Structures are given as C-alpha cells and as structure tokens.
Amino acid sequence: MAAKFLTLACVRNESFGGLSPRAHYPSMPKYPKGVSETDKDVEGSEVKATFSVIGMTCSACAGSVEKAVKRLPGIREAVVDVLNNRAQEETIRETIEDVGFEATLIQDHQTTGKSSQVCRIRINGMTCTSCTSTVESALQALHGVQKAQVALATEEAQVHYESKIISHNQLLEAIEDTGFEAILISTGEDMSKIQLKVDGIGTDNSMRMIENSLRALPGVQDIDIDPTVYKFSLSYKPDMTGPRNFINVIESTGTSRYKATIYPEGGREVYRKEEIKQYYRSFLWSLVFTIPVFLTSMVFMYIPGLKHGLDTKVVNMLSIGEILRWVLSTPVQFIIGRRFYSGSYKALRHGSANMDVLIALGTNAAYFYSVYSVLRAATSQDFKSTDFFETSSMLISFILLGKYLEVLAKGKTSDAIAKLMDLTPDTAILLTLDSEGNVISEEEIDSRLIQKNDVIKILPGAKVASDGFVIWGQSHVNESMITGEARPVAKRKGDTVIGGTVNENGVLHIKATRVGSESALSQIVQLVESAQMAKAPVQKFADRISKYFVPLVIVLSLSTFLAWFLAGKFHGYPKSWIPSSMDSFQLALQFGISVMVIACPCALGLATPTAVMVGTGVGASQGVLIKGGQALESAHKVNCIVFDKTGTLTSGKPVVVNTRLLKNMVLQEFYELVAATEVNSEHPLAKAMVEYAKKFREDEENPTWPEAKDFISITGHGVKGIVRNKKIIVGNQSLMLDQNIVIPADAEDMLAEIEAMAQTGILISIDEEMAGVIAISDPLKPGARDVISILKSMKVKSIMVTGDNWGTANSIAQEVGIETVIAEAKPEQKAEQVKNLQALSYVVAMVGDGINDSPALVAADVGMAIGAGTDIAIEAADIVLMKSNLEDVITAIDLSRKTFSRIRLNYIWALGYNLLGIPIAAGALFPSSGFRLPPWIAGAAMAASSVSVVCCSLLLKYYQRPRKLDALEMQGVKVE
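Cut-offs applied
Residues numbered from 1 in each chain as written. Predicted model: local features only at pLDDT ≥ 70, side-chain atom pairs only at ≥ 80, totals over all residues. Heavy atoms only, no water. Helix = DSSP H or I, 4+ residues; strand = E, 2+ residues; numbered from the N terminus. Buried < 20%, exposed > 50% of the residue type's maximum accessible area, 1.4 Å probe, protein only. Areas by Shrake-Rupley, 256 points an atom, 1.4 Å probe, with all protein chains shown as cover. Pairing = 2+ DSSP bridges. Right-handed = clockwise from strand over helix to strand, strands pointing away. Salt bridge = Lys/Arg side-chain N within 4 Å of Asp/Glu carboxyl O. Patch = residues over 30% accessible without salt bridge, like charges linked within 9 Å, V, L, I, M, F, W, Y side chains within 5 Å. Lys, Arg positive; Asp, Glu negative; His and termini not counted. Charge placed at Lys NZ, Arg CZ, Asp CG, Glu CD. Axes fitted to C-alpha atoms, helices over the stretch in contact; angles between N-to-C directions. Contact = heavy atoms within 4.5 Å. Phe/Tyr/Trp six-rings, centres within 6.5 Å; stacked < 30°, edge-to-face > 60°.

Draft legend 1. The overall build of the protein chain, seen in detail. Counting its regular elements, the protein chain contains 33 helices and 36 strands. With 976 residues in all, the protein chain has 53% of them scored as buried. Accessible surface, the protein chain: about 42900 Å² in total, of which carbon and sulfur atoms supply 55%.

Draft legend 2. How the structure looks around the pairing of strand β32 (residues 797-801). By the criterion of burial, β32 is predominantly enclosed, with four of the five residues buried. Sheet topology note: the strand β25 (residues 640-643)/β32 ladder contains four bridges and is parallel. Looking at the pairing, Cys640 lines up with Lys797 of β32. As paired elements, β32 and strand β33 (residues 820-822) share three bridges and run parallel to each other. Residue pairing in the sheet places Ile799 in a bridge with Thr820 of β33. A crossover links β32 with its parallel partner β33, the connecting element being helix α26 (residues 806-816), and its sense is right-handed.

Draft legend 3. Just the pattern of salt bridges, in detail. This model, assessed by the stated rule, comprises 23 salt bridges. One salt bridge in this structure joins Asp467 and Arg514, with 3.1 Å as the shortest N-O distance. You can see Asp467 sitting in strand β18 (residues 467-472) and its partner Arg514 sitting in strand β23 (residues 508-514), a full 47 residues away along the chain. Accessibility assignment for this pair places Asp467 and Arg514 in one class, buried.

Draft legend 4. Broad picture of a negative patch on the surface. Taken together, the side chains of Glu173, Glu176, Asp177 and Glu181 define an acidic patch exposed on the protein surface. The greatest single-element share of the negative patch, amounting to three residues, is contributed by helix α4 (residues 168-177). Turning to its location among the elements, Glu181 is positioned in strand β8 (residues 181-186).

Draft legend 5. Looking closely at the sheet that holds strand β9 (residues 193-199). Across the sheet, four strands lie side by side as β10-β11-β9-β12; this open sheet has antiparallel pairing. Looking at the sheet topology across the chains shown, the edges are occupied by β10 (220-226) and β12 (259-262). Across the sheet, the axes of successive neighbouring strands diverge by a mean angle of 30°, strand direction being ignored. In this sheet, strand β11 (residues 231-236) lies alongside β10 in antiparallel orientation, the contact comprising six bridges.

Draft legend 6. Representation of unusual backbone geometry. Residue Asn453 is not a glycine yet carries a positive backbone phi of 75°. Residue position: Asn453 is located in the loop between β16 (439-446) and β17 (455-458). Classification of Asn453 by relative accessible area gives partly exposed; the value is 49%. Phi is positive for Glu824, close to 50°, though the residue is something other than glycine. Overall, the relative accessible area of 46% leaves Glu824 in the partly exposed class.

Draft legend 7. Quick peek at the environment of Leu459. Among the structural elements, Leu459 can be located in the loop between β17 and β18. For Leu459, a relative accessible area of 35% puts it in the partly exposed group. With 30 residues separating them in the primary sequence, Leu459 and Ile429 have C-alpha atoms 8.9 Å apart. Sequence-distant contacts of Leu459, defined by excluding residues within four places in its chain, comprise Ile429, Asn503 and Gly506.

Draft legend 8. Quick peek at the packing of aromatic side chains. In total, this model carries 27 aromatic pairs according to the counting rule given. On the numbers, 6.0 Å between centres and 15° between planes, the contact of Phe398 with Trp936 is stacked. Remark: Trp936 occurs in helix α32 (residues 935-954) and Phe398 occurs in helix α12 (residues 389-412); sequence separation between them is 538 residues. Relative accessible area serves as the criterion here: at 28%, Phe398 is assigned to the partly exposed category. Ring centres 6.0 Å apart and planes at 80° place the aromatic pair Tyr692 and Phe696 in the edge-to-face group. Classification of Tyr692 by relative accessible area gives partly exposed; the value is 23%. What links up through ring pairs into an aromatic cluster is the set Tyr369, Tyr372, Phe388, Phe561, Phe565 and Phe585.

Here is the structure:
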C-alpha cells in the first residue's frame, strides 16, 4: 500500500491570526504572518517534518489526518500528499495514529526562520558581460549558493544563499578570487543595522570595553568591528533598542572621552563618483604624454625646421623623434594603462577573455613592434624604422575617454533611486513627553537616529521624518511623491503618515512605527534596486554572444594580419597599395591591431541593463513599480488584460444605497442583527453594512453589537450565525438556495432591478424566512470606460473576472465597455481562467487588489497589483500601481513597449557597429577606395559605441505617458 506524505510547518509560541499590519514591498524577504524580521530569534525556529502515513486509501483519509494534525497547538500548516504515501515530535505521530493510521518520521529539518538569506555585494572592475559571467559562474559553483545574479549596469551581485552552509565572507572571497574587488552592501540579516565611527579610541582595550558595553544592551544581535577605521557595525532589534542608545552607551563608557557618529555611507553613488574621478584623472595624465607623441609623429613631421631636428640621428639610424616617442608612450602603456593588464590577467586566469584582453593585445602589439623597430634602427647602419608609439598611447587615451563618458552616463541611469533617497529629511525634531503626554523638551537630531516609538514634531512645510501615526494635531500632507495622489490628504489623530511626504499647513506630532530599512520609502528603494538587478530574458542573448566574442575577435585579428602579410609576401596586391612610410608587414600589423581594438563587447553587454535601469527608474517616478527586467519584458507583449471588479474597476469603497424589508420590523433592529453577524467578516460588503448600521447609533463612536454565536463565513457566498437566539443568514442568492430558504418572487424582482443598476443585492434571512434585501453600490473609478477604450486602441483585449453575481457583473462590464465577463468566480477559478487564456496563446496581465486575486496574479504572465490593495496581492504581483489609478495600467504597458524598442535599438546599434566596423578595420574598403582605419581611430570608435548605447538608454528619462491619458482627469476616488 502506498504511504502518503504529510508536510508540517510548526512555529512555537506564535499565533498566526490576520495579516501583518505593515506594508510589505516585494523586494523584501518574507516571514510567516505575525513574525517580523526582528522577532526571528525571539519566536524560536520553524520546524518542518515529513511523515510516512500508512493505511490511507483516498482523499477523505488524507483530509481526516490533515484536520487532526492542524488542531494541535503550534501547527502552522499541514499538507497531505495523497499521491506519494509520505506525511516533532511524538505528539504529531500519536495524533496521526489516533485517527487510525500508522505514522513514521522520515525526515526532519530545521529551517530556523531565515537560513536562506539574500546578500548584496558591490563588485568593482567589471567591464563587459564576460566579467559578469565569470563572477556569476564562480558564485554558482559554491556549495550553499541557491542563486546568483550579477548586473553590469549596477556593478552589483545579489546572492541567495544558505547561511548555515556558507557565510557572506566566503562569497566575498570567491569574487575576489576571480580578480575583482568585492564590497558587502547588505546581508539578509541587515534589516536593522547601523555603522558607527568612534573617535578617541587609543588602545585595543578601549575597543573591547566599548564592544562589551554594547553587547550588554538588550536587542543587540551582532557587532562587527573594523579596527583600522574604528568602525562598529551593529545589527539590532528595533523594537528593543536603537542607534541613540548605542551612541549614549559609547559616549558614557570609561572616562567619557569617546565620540560616536554615524559612519559616512559609501553607497553606490559615492563609489560611482570616485570611479568617475579616477577615469578623469587617468585620461588627463594620458593626454599629458599622448599629445606630444601625436605632435611629434603626425604634425611636426610637416614643419621643416622641427622635422630636421626630430630626424637628427643619435645612434646609427635611431633618431631623436623616435627616442622622444618611446619615452613618452612608455608611462601611458605601463602605468596609466596598467588597469588593462590587471583586467586581462584576472580574466585569463579564470579561462575567460574580456575587453581588457583585446585592448592589452592591440596596444602591446603596436608598442612592442615599435620597440623592436627602434632597437633595430639603433643597431643598424641602413634600417629605417617606422614606429607606432602614437597608436598605443592614442588608443589608451581614447579608451580612457570613452570609459570616463560611459561611467558618467551610467551614473545618470540610477537618478530615480537618488531622487527617492533624497526624500528623507536630514534632521528631525524629537519630543520628550511626560507620563501624561505633555511635551517636556524638543531636540533636533539626525533623522537616521530616529527609533521605534519616538515622538517626532513635524512643522508646516517640513518633510515627515519617519513612517508612523498622528498622536496630536491636524494638517494636510502631500503624499504625491510616494503614492502619486495629487491632492493633499487630510491627517488627524490616529491617521498614518509616510516618511518622505510633505506636511502642508498644521503642526503634527507623530509616533514612529517603522524606521530605517523598514520604512515604506526604504522598501520602495530596495524594490527598485532589486528590479534593476534582475536580468531581462533578452539579456541572455548578449550573454551567449559574449562567451565567444573576444576569442572570435582575436582569431579574426590574427587571420587579418596573416592574410595581409602573406598577400604582401607573395605579391598578392600591387606595391603601390603600401603607404610610403611602411612595408607590407607593418601594413598587415596595422590592419590586425585595428580589428583587435574596434570590436566592442561592452556595447552589447550594456544594451539591456542600462535600458532596464532607466525604464524601472522612470516607472518608479510615475508611480509604477516594475519588479525587474522579466516583468518589463513580459509587459510589452501583453495583448489581454483580466480585470478584477471590486477595488480595481470600482473604487473598492462600497456603500449601502437602498434597503427593502420583506417582513414587518423596525429598520434599526434589522440592521442590529445584520451588523452583529457581519462585524466578524473582513469582506468590503460586510464593512459597508456595518458602517451603515452605525448611523442608527449616532450617539456612540464605536458601538458594540450583540454576540453572534456559531458564526460561519462561507467564502464567496456570505455568512451565518445566531444573534439573540435568531438564526441569521446574510449572503447571495446561491447561499439562500443552498440553505433551502425560499426566495419570494418580489425579492427576485428586487434583485434583478438592483443588478440592472450595476449594484450588488444582498439577501437577509431571519429564522429561515426571507427578511429583506440590501442594495450596495461600489461606484466605478472615474475614467474606467476611457481606459478600456484606450486599451482597445492599443489592440489589448479586456476581460472582467469577479466573484460578484452575473447581473451586477454584466451591468458594470456594459458600463465600462468590456465584452467578456466571468462572474461568481472563486479565487482558484480566476487563476484557471488566466491559464485558459494563456492556452489560447494570449499574453495575459491580471489587474487585482485583494487576497482572492493573488492566485491569478501569480498565474498571469504579468500580475499588476493596485497599490491600495492588500499586502498579499502586492507581494504576488510583478508590477505595483502605487496611485491605484487604472490609467497606470496603460502607462505600465506603454513604458515597457518603449523600453523594449530602446533595447532593440541598442542591440541593432551594438551588433551593427561590430558587423560593419570589423570588416572596415580589416581593410575591406582598402583595395577599392584606399580607405584604411588607423588603430587609434578604431579605438576611438570602440569607445564611442559604448557611450552611444548608454546615451540611447538615457533618452528614456524623457518618457512621456500616452497623450490620450493627458485628456483624462483621473484622480483616484476619495471616499471620506
């Protein structure tokens, strides 16, 4: 008999009721509901166990085992695999055996909350996709690494790894072994981490004393010390402690001579600025030497007096001009150009070849041939040398100029993140309150020192310093920079505020709830950064080419040299083709070097990531958060959009508009019974009925309703319970029929009439007798019809899938202009409909906002979550529409189409440049026109190709949404 599998996840000492109250942004690691990142050590570990269950024959057996185990305290999830006969303890095994089956523990593995972590690392020195492939392969080869992504445009790696098997230090070592500099940006456990610089430390003993004082603080998890710069990196639980506590402890340790400050962050921007400076300095120094080399070889030769001086012989045939060029080009080749040697060595050591290899080979061929020529002239009475010192030095100068322009342009691709980071104010006013809540003192502090539960004062015109809620005052807050909502939002006591938004008129006192990397703004920034890390599938094309590109170019270069050399040797072309200043060998060498240095793998490697970076950044500034290249690539192919109704096409704020009673009773009593039953439900329609019932109790701010016994919620149908000894059922028509309740003809007429007006009809039964019908209206979002019309003009099919009844669904669909409707669909049926459309070769986008939309959002090619929706929907989606405006569906599709047309243009240019440039450099035009590309011009062209690709991507910064949308005044519906 086959044994069945039961997989269990148990979390000790923790309940899992309801959704986590904090907004989750999809770039962040997730934890079980109710367990925050900072609670991971407090709550203990999650244990997964798999049991072999003998004796099950059908799904009913599996169901009985599952139910029995789920009743045990501490069980979070229990799943029985009925197909495989596999299902910590003794209690679980005994429970399975009590149900009548035999159980054996097969495997048991600890998953202490977060053994799988995500680490971000900055990598300096990568030049092309060959470098990224080398690093990626090295990381993937490590035991314990689940996934590694390396992005050339951001110069960062994102590694998913098992922290129990491998540490982040080992990841850094692996990258440095490949020859690149690796700097840790963050690890999975860095949710709350701060770096402090301590001045005044004289001895190791002082360092140990400070470390011991900090470790003694409750909530401090880990301390990492860099003694060379007196830097303390602390990981801590923000619920228990914070950076101000650390500074106070450090400054009061010993004789109070220590001074602690937040360590200046060396973020991506700081490194980028330093890199720009380095290339600029290198380029200027190369010019100092290259300009004289250029003048002596190209200009002074045509000025009679100077020509005579430069041609003066020193030893045999060796002239002053040749010595000058040799002396001046040597520092350019070996000191200024050493980065190309080190880059080549590192690449070749790991069996790959990159752009540095091509540059090093090309410049060395020119330089060392020139050295040979000069030395031969010095030892010969009749050998007239021709040197190419200007080729090697000018090549390096032009490539450095190209690199300088490239890093300058690449820096601008991450402007969107820089703008988001700038939203946070530098300082905040911290209030100290007494036990009665009166303000005792005010103090201006660095905003990075804000701790959880601090009370912050926000002045008119100032930025809100932290996420939190208002405890005193009222004002209007401009949230457009975060949510895209153009109108200022009224804030009073109890309302939430978002860090980075602007307070307009009144003074507010807010209590900080989420600080540092937990804040909404930080998580949006992390989401955009993660999106820029994620490779688009089209990038694989460039990665495949890069593997063979450099070796192929080297082969072509050598072939070109040999072909021209042999043709010259065996008189394959007229002697008149050879320029007067060189012989056939030198001509062949020039062609070979030109082919070597004109080829540009960089342009190919930058074609996709730079466009994706700018595209996701522009999206973020428009309130459309796109989670990476995959989502961007899929969105541009979308030709069918499935819309949820409630909260997507409609405002999601339903209100009761009409009530009709079918039996003699007081309306207040009727609503008392309905509210008592529905107050236990989270459904928007239930909330609308409870809110309406409150109007009958205007004197009470938070009325208490009678208790509903035996309450049951039937998903997609309604609720039932016993209130004041009366059996109450509230729900739709199918629920009443299931409960064998007769629906009178006049009630059916009322329902038809309600549904014809695009409203939802709710039936109420009291003691199994129909008592009334409630009409609930959820108004359409303004401009929904126009959005559907614009999508039609974009050749995108629109479909509506809803759990609501057919009558209401058809009325709404008719109103907005949607032809295909699927109503009364359960969550799994929505996902099924998406799969059916995909089977018909549609590329499907799903737009939804609720928990019941999550399966469909995951199933769709592109899931779009309305920003005002639930955390789970936002987590499941590929694109988050922050403004909750339907017009952003069009913006997302249009932006992705524009981004991909830009990527195609980049590829056409990068490939076209190489396919045209290499034959011209090889001398394809020389026989017919006498046109020859000198190596230094070939090098300049190579540098220009990378810069042009980045600049082409940067043009996306000027993206404008479709003009049709400008005609729509589509602010989100605001229901006070």
